[in-house]
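# Residue-level structural notes
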Amino acid sequence: MLGSFAPILILFLIAVFIAVFVITVSSLLGPRRSSPRKLAPYESGMEPIGPAIRRIPVKFYVVAMLFIVFDIEVVFFYPYALVFRQLAVPGLIAIGVFFLVLVVGFVYEWRKGALTWE
Amino acid sequence: MESLQIPPVDLRLLTPLLIVVGWAGALLLIDVFFVPDGRKKITGYLAIAGLAVAGLAGIPLWNLSGSTFSGMLVLDRYSLALTWIFLIAGALSIAVALDYLPRHAIEQGEYYPLIMFAVGGMILMAQSADLITLFLGIELLSITLYILTGFAYPRVASEEAGMKYLVLGAFAAGFFVYGIALIFGATGATSLAGIAAYLGRQPFAPQEETLFLAGASLVLIGFSFKIALVPFHMWTPDVYEGSPTPVAAFMSVGTKGAALAALLRVTLALEEAQTFWLPILAVLAAATMILGNLGALGQSNLKRMLAYSSIGHAGYILLGIMVAAERGAEAFLFYILAYTLTNLGAFGVLIALEQRGEAAWSIDDFAGLYQRRPLLAVAMALFMFSLAGVPPTAGFMGKFFIFTAAYAGGLGWLVLIGVLTSAIAAYYYLRVVVKMFMQEPVREVRPELTRGLNTEILIAGVATLILGLLPTPIVLLVERSLVALGG
Amino acid sequence: MVPTSYYIMLSAALFAIGVLGVLIRRNALVVFMSVELMLNAANLVLVAFARERLSIDGQVLVFFVITVAAAEVAVGLALLVAIFRTKHTADVDEVSTLRG
């Protein structure tokens, strides 16, 4: 059973070997003459401005937070979508209650003004 | 296509839970739509009313028992008794917060629905007979508590406490879920009944046994974090100190009570696992009693002292759980009730002394309290006596029942540790009393007593006395509540 | 079919990485990710065993774990935002007003 993976393993090993080989050989043979220009993050194009990791406005976190909560509801709707015919009315009631809980959260969020950007 | 049947659901058995959670959801909207800023007390009163209604709705269920949601949730007198205790804890925590929040300029209407959600989580834990629902209950309780701990925004200490609690709580949840997963792998079930049935079919395959033991250990670690058993207690003093005092009060009785109650149900259900389970619990109990009380000894901050003392008390309660099959469950229920009322009372006094912007939690601030506020000092002395286990208070009767049950159950050495650590505990509790009655005030602290706070301290004090002086009716009630559990 | 024990080993490794991440890393966001890794390791075990035992219970729990993890992270982010607004840092080591 595992034998069928052997070609992939060989391919993987070859890939690792080539990568290691190329890096080692070029570092051994290649000449090293550094200049400030070469040490810059980008040798051509724009001069880098400011630090690479910049602060993101905290508002994005708030949006991410709201997104996570309402993103997860799909996890429950998918399985329901598969079987909603077989579950008939009781299933509809159950998912209705679930949806109602979400709506409570959503209305609260909207009323609190969490959805306005500024 | 064949039709799928949703198993029949008996919602009657869940009445208190549904009322609490439903009311909390509605209250969230009522608060944000109709209650104007500055009058958020209305929300608080509505929340207390909701808890009261849920408690009343539980009364007709006394003679009912059964399970629903395919056996995931059960209703019996044990869960009902716990439900009432939790409702009382929630209502008292709201009562003390009514004036605390505006006084500290952190009044937000969400506090009250959040407490209700937390109470809902606790009831869910008391009623669950399946690891899935147990996990949901724990998380509903914990996640609301993370928010409540950080409720005093923008006070940095509160935010930090919330963050610390969240990271450690989520960490513990990881252990808990992984443990459930391994147990499921070993036994093929998540319901306590299913796991017990599997354990009854001994001998098991060695591989499955390893899986089960690993899973059970991880679940126990998860529990220990929530209950704050040594050595998983380090977060407790920091979190209590940082969080708003009413929240700390609620946490100290709520999380502990609910998690211990769930642990008791698990221990009782998995009788076959006790050969493995009990020795670990014994070590945890001994370490918790010793280190919890020793930790409290060195504290001059009363809030931290109460945090350590709550760790120590969890150790005593653990004794009751270990002998749950032989009268331990009754002692457990009585102790939880006594501890809940006493501790809420003690925190109530703390809240009365807490001024805006500065915390009067140093033990020196209690010096000479008797001269300024005799009644408050007497109440605090009562709570300290009860926590220390001095007769005739609720705490004494609780300790008495726990130790007798544990001794009868053959845990003599643990009882010895319990009595010795109680003696240590008496020192640091009585130190507060001595300060209050025998010393001159060190600095000016003006206690602020408001209606909600007065009521809470009064209820807690009277209940502490009654439970200590006339325990018989309560004991009878508790005994009856355990008929269904086989205790 | 890949044997179940392989899944268990993988998930044990993930769980260990998650635990180490919580204990070692200092950035609160990375700590949240590590917690997520722990929970997802548990999910992997649940799904693997549910398949082996042809039982649906394990998969049901996975749904709840996913939901709970989302709620936990949402609250965590909220606290992070609150701390950031008052202190301008996301480093848990700098969050140390409280002793211990």
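Use the structure listed above.
What comes next concerns the included structure. (Residues numbered from 1 in each chain as written. Chains lettered and ligands numbered in written order. Predicted model: local features only at pLDDT ≥ 70, side-chain atom pairs only at ≥ 80, totals over all residues.)

### Overview of unusual backbone geometry
Residue and element names in this part refer to chain B. With an omega of 5 degrees, the peptide bond running from Val230 to Pro231 counts as cis. Relative to the helices and strands, Pro231 is located in the loop between helix H8 (206-227) and helix H9 (235-242). Pro392 follows Pro391 through a cis peptide bond whose omega is 0 degrees. Summarising the element assignment, Pro392 is placed in the loop between helix H15 (374-388) and helix H16 (394-408). Look at Ala105: it is not a glycine, yet its phi comes out positive at around 55 degrees. Mapped onto the elements, Ala105 comes out in the loop between helix H3 (77-103) and helix H4 (111-127). (Helix = DSSP H or I, 4+ residues; strand = E, 2+ residues; numbered from the N terminus.)

### What to know about helix H18 (residues 451-469) of chain B
Residues and elements named next belong to chain B. For H18, built from 19 residues, the straight-helix expectation of 27 Å at 1.5 Å per residue is met to within 8% by its first-to-last C-alpha distance of 27 Å. Every buried residue belonging to H18 is among Gly452, Leu453, Glu456, Ile457, Ala460, Gly461, Ala463, Thr464, Leu467 and Gly468, and all of these are buried. Viewed along the axis of H18, the buried residues span an arc of 165 degrees, placing them on a single side of the element. Looking at the buried side of H18, the elements it contacts are H3, helix H13 (324-353), H15, H16 and helix H19 (471-481). (Expected span 1.5 Å × (residues − 1). Buried ≥ 20, exposed ≤ 12 C-beta atoms within 10 Å, placed from the backbone. Arc of directions from axis to C-beta. Contact = placed C-beta atoms within 7 Å.)

### Some details on the nonpolar core
Residue and element names in this part refer to chain B. In terms of nonpolar packing, the biggest core is built from 230 residues, with Val20, Met116, Tyr178 and Tyr335 touching the most fellow members. For this core, the leading source of residues is H13, giving 20 residues. With near-sequence residues (within four places) excluded, Tyr335 lies in contact with Tyr316, Ile317, Gly320, Gly398, Phe401 and Ile402. (Core = buried A, V, L, I, M, F, W, Y, C linked by C-beta atoms within 7 Å.)

### Quick notes on H15 of chain B
Residue and element names in this part refer to chain B. Over its 15 residues, H15 runs 21 Å from end to end, which matches the ideal 21 Å to within 8%, given 1.5 Å per residue. Burial analysis of H15 places 12 of its 15 residues in the buried class, the great majority of the element. For H15, the full list of buried residues reads Leu376, Ala377, Ala379, Met380, Ala381, Leu382, Phe383, Met384, Phe385, Ser386, Leu387 and Ala388. Buried positions along H15 lie against helix H12 (302-322), H13, helix H14 (369-372), H16, helix H17 (412-438) and H18. One or two positions beyond H15, positive phi appears at Gly389, with a value near 85 degrees.

### Description of the interface of chain A and chain B
Taken together, the contacts link 14 residues of chain A with nine residues of chain B. Split into classes, the residues belonging to the side of chain A that touches chain B amount to nine nonpolar, two polar and three charged. (Nonpolar A, V, L, I, M, F, W, Y, C, P; charged D, E, K, R; others polar.)

### Overview of the interface of chain C and chain B
Across the contact, 36 residues belong to chain C and 37 residues belong to chain B. Elements with a contribution of two residues or more to the side of chain C that touches chain B: helix H1 (4-24), helix H2 (28-53) and helix H3 (57-87) of chain C. For the side of chain C that touches chain B, the element with the most residues is H3 of chain C, which contributes 16 residues. Considered class by class, the residues forming the side of chain C that touches chain B number 24 nonpolar, seven polar and five charged.

### Re the environment of Thr4 of chain C
Residues and elements named next belong to chain C. If you trace the backbone, Thr4 turns up in helix H1. With 15 C-beta atoms counted inside 10 Å, the residue Thr4 sits in the partly exposed group. Along the sequence, Thr4 and Val47 sit 43 residues apart, while their C-alpha atoms lie 9.9 Å from each other. Residues in contact with Thr4, not counting those within four places in the same chain, are Ala48, Phe49 and Glu52.

### Topic: the packing of H3 of chain B against helix H10 (residues 245-269) of chain B
Residue and element names in this part refer to chain B. Taken N-terminus to C-terminus, the directions of H3 and H10 make an angle of 170 degrees; their axes are 9 Å apart at the nearest point. Relative to H10, H3 is oriented roughly antiparallel. Contacts between H3 and H10 involve Leu82, Ile85, Phe86, Ala89, Ser93, Val96, Ala97 and Tyr100 from the former and Thr245, Pro246, Ala249, Phe250, Val253, Gly254, Gly257, Ala258 and Ala261 from the latter. Classifying every residue of the contact of H3 with H10 by side-chain character gives 13 nonpolar, four polar and no charged. (Axes fitted to C-alpha atoms, helices over the stretch in contact; angles between N-to-C directions. Parallel < 35°, antiparallel > 145°, perpendicular 65-115°, else oblique.)

### Some remarks on the environment of Phe76 of chain A
Secondary-structure assignment places Phe76 of chain A in helix H3 (residues 59-111). Classification of Phe76 of chain A by C-beta neighbours within 10 Å gives partly exposed; the count is 18. Sequence separation of Phe76 of chain A and Ser26 of chain A is 50 residues, and the distance between their C-alpha atoms is 53 Å. Here Phe76 of chain A is in contact with Phe98 of chain A together with Phe63 of chain C, once residues within four sequence places are set aside.

### A look at the packing of H9 of chain B against H12 of chain B
Residue and element names in this part refer to chain B. In contact at an axis separation of 9 Å, H9 and H12 are set at 140 degrees when each is read in the N-to-C sense. Comparing their axes, H12 and H9 come out oblique. Here H9 runs over H12; the crossing is right-handed. Contacts between H9 and H12 involve Thr236, Pro237, Tyr240 and Glu241 on the former and, on the latter, Lys303, Arg304, Ala307, Tyr308 and Ile311. Per-class residue counts for the contact of H9 with H12 are five nonpolar, one polar and three charged. (Left-handed = near helix turned anticlockwise from the far one by under 90°.)

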